[in-house]
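Take a look at the letters that make up each chain.
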Amino acid sequence: MTDNITGVGADSRPEAGVSALKGRTGAGAPAETRGKTTIADGVVAKIAGMAAREVPGIYNLGAGMARAFGAMREHVPGGGGGVTQGVKVEVGERQAAVDLDVVVEYGVSIVDVAGDVRSNVISAVERMTGLEVVEVNIAVDDVHLPDEEEESEPDEGRVR
């Protein structure tokens, strides 16, 4: 017997044709499956960027010029925080692909860090969006050395 509320049959498998993002319609369908959910590319990019930054050994995201523009953008009111800096995504109806430009800390195994980033990004995007992540491509653009300091603006103004 099929339970009309949950859409699950006696064999405990979801009915064919029902995905996490596009549900069935009509009065007989459960409320949570009526309609379509769309997820913007920017949402997936933010999730992927945050997930990549959580991995130990990642110093920053973005290639050299992207980081420079991102630093300038942070000082402009309304310029944004740059969570998606170094992140490009392609989002379809049920799948997503992610491209990341990363800077790693000196001394870490790049292969291990890349694997950890892939795992964390795939897990976060799939858990939060229901999309299948088909690939996470990683370009290591730089290695951050311990004695390198980011150029920062002085806290004081020029005029006193």
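Our subject in this report is the structure included herewith. Remember, predicted model here, so these are calculated numbers, not experimental data.

Concerning the overall build of the protein
Step number 1: Counting its regular elements, the protein contains three helices and four strands.
Step number 2: In the protein, the succession of helices and strands from N to C terminus is α-β-α-β-β-α-β.
Step number 3: Burial status across the protein gives 27% buried among its 160 residues.
Step number 4: Intrachain contacts of the protein at a sequence separation of at least 6 include 66% that bridge at least 24 residues.
Step number 5: In the form shown here, the protein has an accessible surface area of approximately 10,700 Å², with 51% of it arising from carbon and sulfur atoms.

What to know about the pairing of strand E4 (residues 132–144)
Step number 1: Inspection of the sheet shows strand E3 (residues 95–105) paired to E4 by 11 bridges, in the parallel sense. Bridge pairing links Glu 105 to His 144 in E4.
Step number 2: As for the winding sense of the linkage, the β-α-β connection from E3 through helix H3 (residues 110–129) to E4 is right-handed.

So, H3
Step number 1: Here H3 spans 28 Å end to end across 20 residues, near enough to the 28 Å set by a 1.5 Å rise per residue.
Step number 2: Taken together, the buried positions of H3 are occupied by Val 113, Ala 114, Val 117, Val 121, Ala 124, Val 125 and Thr 129. Projection of H3 onto a plane perpendicular to its axis shows the buried side chains occupying an angular sector of 110°, all on one side. Those residues of H3 that are exposed and angled more than 90 degrees off the buried face are Val 111 and Arg 127.

A word on the pairing of strand E2 (residues 87–91)
Step number 1: Bridge analysis of E2 against E3 gives five bridges, and the strand direction is antiparallel. Paired with Glu 90 across the strands is Ala 97, a residue of E3.
Step number 2: Where E2 hands over to E3, the hairpin turn is made up of three residues, counted between the paired strands.

Thoughts on the environment of Ala 45
Step number 1: Following the sequence through the fold, Ala 45 ends up in helix H1 (residues 41–53).
Step number 2: Residue classification places Ala 45 among the buried residues on the basis of a relative accessible area of 7%.
Step number 3: Setting aside residues up to four positions removed in sequence, Ala 45 forms contacts with Thr 84, Val 87 and Val 89.

Here we look at the side chain of Thr 129
Step number 1: Along the polypeptide, Thr 129 turns up in helix H3.
Step number 2: On the basis of relative accessible area, Thr 129 is assigned to the buried category, the value being 7%.
Step number 3: In terms of polar contacts, Thr 129 uses its side chain to reach the backbone carbonyl oxygen of Val 125, at 2.5 Å.

Observations regarding the nonpolar core
Step number 1: Ile 58, Val 87, Val 98, Leu 100, Val 117 and Val 121 are the most contacted members of the largest nonpolar core, which totals 24 residues.
Step number 2: Of all the elements in the fold, those that place two or more residues in this core are H1, strand E1 (58–61), E2, E3, H3 and E4.
Step number 3: The greatest single-element share of this core, amounting to six residues, is contributed by H1.
Step number 4: In this structure, Ile 58 is in contact with Ala 52, Arg 53, Val 102, Val 103, Val 104, Val 113 and Val 117, ignoring residues within four places of it in sequence.

Overview of a negative patch on the surface
Step number 1: Taken together, the side chains of Asp 41, Glu 90, Asp 99 and Glu 135 make up a negatively charged region of the molecular surface.
Step number 2: Take Asp 41: it is sitting in helix H1.
Step number 3: By relative accessible area, Asp 41 is classed as partly exposed at 38%.

With respect to the packing of H1 against H3
The relative placement of two packed helices is expressed as an angle between their axes plus a distance between the axes.
Step number 1: Contact pair H1 / H3: the axes reach a minimum separation of 8 Å and the direction vectors enclose 140°. Classed by the angle they form, the pair H1 and H3 counts as oblique. When you trace H1 past H3, the crossing you get is right-handed. Note on element contacts: H3 touches H1 through Val 117, Asn 120, Val 121, Ala 124, Val 125, Met 128 and Thr 129, opposite Val 44, Ile 47, Ala 48, Ala 51 and Ala 52.

Conventions and cut-offs
- Residues numbered from 1 in each chain as written.
- Predicted model: local features only at pLDDT ≥ 70, side-chain atom pairs only at ≥ 80, totals over all residues.
- Heavy atoms only, no water.
- Helix = DSSP H or I, 4+ residues; strand = E, 2+ residues; numbered from the N terminus.
- Buried < 20%, exposed > 50% of the residue type's maximum accessible area, 1.4 Å probe, protein only.
- Contact = heavy atoms within 4.5 Å.
- Areas by Shrake-Rupley, 256 points an atom, 1.4 Å probe, with all protein chains shown as cover.
- Pairing = 2+ DSSP bridges.
- Right-handed = clockwise from strand over helix to strand, strands pointing away.
- Expected span 1.5 Å × (residues − 1).
- Arc of directions from axis to C-beta.
- Polar contact = N/O pair within 3.5 Å; in protein donor to acceptor, adjacent residues only side chain to side chain.
- Core = buried A, V, L, I, M, F, W, Y, C linked by side-chain atoms within 4.5 Å.
- Patch = residues over 30% accessible without salt bridge, like charges linked within 9 Å, V, L, I, M, F, W, Y side chains within 5 Å.
- Salt bridge = Lys/Arg side-chain N within 4 Å of Asp/Glu carboxyl O.
- Lys, Arg positive; Asp, Glu negative; His and termini not counted.
- Charge placed at Lys NZ, Arg CZ, Asp CG, Glu CD.
- Axes fitted to C-alpha atoms, helices over the stretch in contact; angles between N-to-C directions.
- Parallel < 35°, antiparallel > 145°, perpendicular 65-115°, else oblique.
- Left-handed = near helix turned anticlockwise from the far one by under 90°.

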